[in-house]
Amino acid sequence: MTFLERYRQEQTWLGKVMIMEIYHLTGTSRHKDWTLEKTAIYFEVSIGLVSENLKLAEALHFNHSLVEVPTRQEALERLRASWT
């Protein structure tokens, strides 16, 4: 199963964020010139979505309570609130 297939099958925002993060990190570890754009093209999503997902993924590594948040939007709101 490819990352794209797994991403499309995933039902949770958290799962989608983690799949995208793993794919992006794999790309950056294999290719010096890997970009958000290449990840966005692969998943057929916007660069903005990739950027937000990677920010959420990073935040999840330090703030485990985000795992409990039911929606991606709520997680983004909590993340943004922590920046202020």
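Structure shown above.
Note that this is a predicted model, so its numbers are computed, not measured.

Student: Help me get a handle on the packing of aromatic side chains, residues and values and all.
Tutor: Tallied over the full model, the rule gives 6 aromatic pairs. Centre to centre, the rings of tyrosine 42 and phenylalanine 43 are 5.0 Å apart; their planes meet at 90°, and the pair counts as edge-to-face. According to the relative accessible area criterion, tyrosine 42 is partly exposed, its value standing at 25%. Overall, the relative accessible area of 3% leaves phenylalanine 43 in the buried class. Here a set of aromatic residues connected by ring pairs shows up, and it is made of Phe3, Tyr7, Tyr23, Trp34, Tyr42 and Phe43.

Student: Requested: an account of the nonpolar core, with residues and values cited.
Tutor: Where a protein is soluble and globular, its nonpolar side chains tend to be buried together. Listed in full, the 11 residues of the largest apolar core are Trp13, Val17, Leu56, Ala57, Ala59, Leu60, Leu66, Val69, Ala75, Leu76 and Leu79. Of all the secondary-structure elements, those providing two or more residues to this core are helix 2 (13-30), helix 4 (47-62) and helix 5 (72-83). Looking at this core element by element, the count peaks at 4 residues for helix 4. With near-sequence residues (within four places) excluded, leucine 56 lies in contact with Trp13, Val17, Arg72, Ala75, Leu76 and Leu79.

Student: So, the packing of helix 2 against helix 3 (residues 36-43): which residues are in play, and what are the values?
Tutor: Where helix 2 meets helix 3, the closest approach of the two axes is 10 Å, and the angle between their N-to-C directions is 125°. As summarised for this structure, helix 2 and helix 3 are arranged oblique, according to the angle between their axes. Like other packed secondary-structure pairs, helix 2 and helix 3 cross with a definite hand, here right-handed. Along the contact surface, helix 2 presents Ile19, Met20, Tyr23 and His24, while helix 3 presents Leu36, Thr39, Tyr42 and Phe43. In terms of residue class, the contact of helix 2 with helix 3 is built from 6 nonpolar, 2 polar and no charged.

Student: So, helix 3: which residues are in play, and what are the values?
Tutor: Three or more residues of helix 3 are buried, namely Thr39, Ala40 and Phe43. Each buried residue of helix 3 lies within a common arc of 100° when the element is viewed along its axis, so the set occupies one face.

Student: Hey, could you go over the pattern of salt bridges for me, with residue numbers and the actual values?
Tutor: A full pass over the atoms with the stated rule returns 5 salt bridges. For lysine 38, the salt bridge identified is with aspartate 33, shortest N-O distance 3.3 Å. With a closest N to O distance of 3.0 Å, glutamate 52 and arginine 80 form a salt bridge. Of this pair, glutamate 52 sits in helix 4 while arginine 80 sits in helix 5, and the two are 28 residues apart along the sequence. One connected set of salt bridges, linked through shared partners, spans Glu52, Arg72 and Arg80.

Reading the values: rules and limits
- Residues numbered from 1 in each chain as written.
- Predicted model: local features only at pLDDT ≥ 70, side-chain atom pairs only at ≥ 80, totals over all residues.
- Heavy atoms only, no water.
- Phe/Tyr/Trp six-rings, centres within 6.5 Å; stacked < 30°, edge-to-face > 60°.
- Buried < 20%, exposed > 50% of the residue type's maximum accessible area, 1.4 Å probe, protein only.
- Core = buried A, V, L, I, M, F, W, Y, C linked by side-chain atoms within 4.5 Å.
- Helix = DSSP H or I, 4+ residues; strand = E, 2+ residues; numbered from the N terminus.
- Contact = heavy atoms within 4.5 Å.
- Axes fitted to C-alpha atoms, helices over the stretch in contact; angles between N-to-C directions.
- Parallel < 35°, antiparallel > 145°, perpendicular 65-115°, else oblique.
- Left-handed = near helix turned anticlockwise from the far one by under 90°.
- Nonpolar A, V, L, I, M, F, W, Y, C, P; charged D, E, K, R; others polar.
- Arc of directions from axis to C-beta.
- Salt bridge = Lys/Arg side-chain N within 4 Å of Asp/Glu carboxyl O.

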